[in-house]
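What follows is the residue order along each chain.
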Amino acid sequence: MNIREDFLPLNRPSIGEKEVEAVTRCLRSGWITTGPLCQDFEEQFRCLTNAAYATSLGSATAGMHLALRALGIGPGDEVITPSMTFVSTINMIAFSGATPVFIDCDYGTLNLNPAQIEERITQRTRAVIPVHFAGAPVDMAPILDVADRHGLVVLEDAAHAVGTYYRGIHAGGFGRIAIFSFHPIKNITTGEGGMVTHSDESFERKLRLLRFHGIERDAWKRYGKGGNPDYDVAAPGFKYNLTDMQAALGLAQLERMAVLNRRRQEIAELYLDGLRDVDGLDLPETPPYPHVHAWHLFVIKLRSMTRERFMARLGEYNIGYGLHFPPTHLLRYVRERFGTREGMLPETERAGGRILSLPLFPDMNNDDAAYVCQAVREILS
């Protein structure tokens, strides 16, 4: 096959004229930090998820940090979570002073195995953090059941799950806490940003205090027409607010979410069809229960070639790739601090040594997907 001249990246945000116009209008308005556009973005995202509340933040990591802090999770507490996730979640558990307790994943979907949760619960367990991996919903029913029976908090890591549905319910719509990401590679982006959805009014007040220095009123309410610039601090807080400039981008992206996700699904189907019979390759499996897959990532698993060799060959074909994710329980810091070790999560480790993400973004065309399939076939042959 002929090698393409231009590089096909792993991901590229789909930014159109509507996004450019929305951000430009915000810039020209004279108000670019947290304000009415953030409020509008929160309301529209709340409606998408059918949550009672939605709080915008500077990142999903900030959301996880504030959620754990607002819940009072700290030293002596344990939080059950999969190892097959981005290290951000583990970092925030560590920052809180709590201990992550890892459970294994399903090799096919890379989602956590709910059957293992109950056996890891102790008197110190406070919360469970399920991850909707790559846009496929984790099986929430058994997770919610075991959490309710043991009085545990559920925090959905929904960083991959804008547009993900489980049995007709959007991620974040289960009446629990969910944390979304709007990083540039996510299904919709605000450049950087995140959102926490939930159903508790007192938790909402805590989040809003913590996200901006402990000040109860947003800047646009203090400095807008007729506002009072005076303020008091109810508790020490952080600087984790989203800006109106970012919210303008997010609102325009949210309008296109269905179209963007539909295109992701089309590309994923081209991959599934084009790579179905390739020897030495395991394709991503989809959950058996009713769901809508957001296809944030397309993660293959290599069986007949080392990942290092495969990545080098993809580079020769001018194709980008990603690694989502190295098992977090095997990362040096986690091993040294929490005493985790190789061999404790066999399915996670089996998958972790083989996974590789192929290019997947809405502005890819069918020829791009066909090129990747042909390259993968040639490399593995």
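Thresholds, definitions, all that
Residues numbered from 1 in each chain as written. Predicted model: local features only at pLDDT ≥ 70, side-chain atom pairs only at ≥ 80, totals over all residues. Heavy atoms only, no water. Core = buried A, V, L, I, M, F, W, Y, C linked by side-chain atoms within 4.5 Å. Buried < 20%, exposed > 50% of the residue type's maximum accessible area, 1.4 Å probe, protein only. Helix = DSSP H or I, 4+ residues; strand = E, 2+ residues; numbered from the N terminus. Contact = heavy atoms within 4.5 Å. Pairing = 2+ DSSP bridges. Axes fitted to C-alpha atoms, helices over the stretch in contact; angles between N-to-C directions. Disulfide = S-S within 2.5 Å.

Draft legend 1. Broad picture of the nonpolar core. Of all hydrophobic cores here, the largest spans 31 residues; its most connected members are Y271, L281, F298, I300, F310, L358 and V376. Secondary structure elements with two or more residues in this core: α9 (257-274), β12 (298-302), α10 (307-316), β13 (355-358) and α13 (366-380). With 8 residues, α13 is the single largest residue contributor to this core. In this structure, F298 is in contact with A268, Y271, L272, L283, P284, L356, S357, L358 and L360, ignoring residues within four places of it in sequence. Among the nonpolar cores identified, the runner-up in size contains 22 residues, and A60, L68, I73 and A127 belong to it.

Draft legend 2. Representation of the sheet that holds strand β4 (residues 125-128) within the structure. Taken together, the 7 strands give an open sheet; going across it, the order is β1-β9-β8-β5-β4-β2-β3, and neighbouring strands pair in mixed fashion. With partners counted over all chains shown, the strands left at the sheet margins are β1 (53-57) and β3 (99-103), one partner each. Averaged over all pairs of adjacent strands, the angle between strand axes in this sheet comes to 25°, irrespective of strand direction. Relative to β3, strand β2 (residues 78-82) runs parallel, the two sharing 5 bridges. Among the inter-strand pairings, T81 is bridged to a residue of β3, identified as F102.

Draft legend 3. Highlighting the state of the cysteines. For the structure shown, the criterion picks out 0 disulfides. Free cysteine: C26, not disulfide-bonded; nearest cysteine sulfur from C38 at 8.5 Å.

Everything listed is a geometric property; what it means functionally is a separate question.
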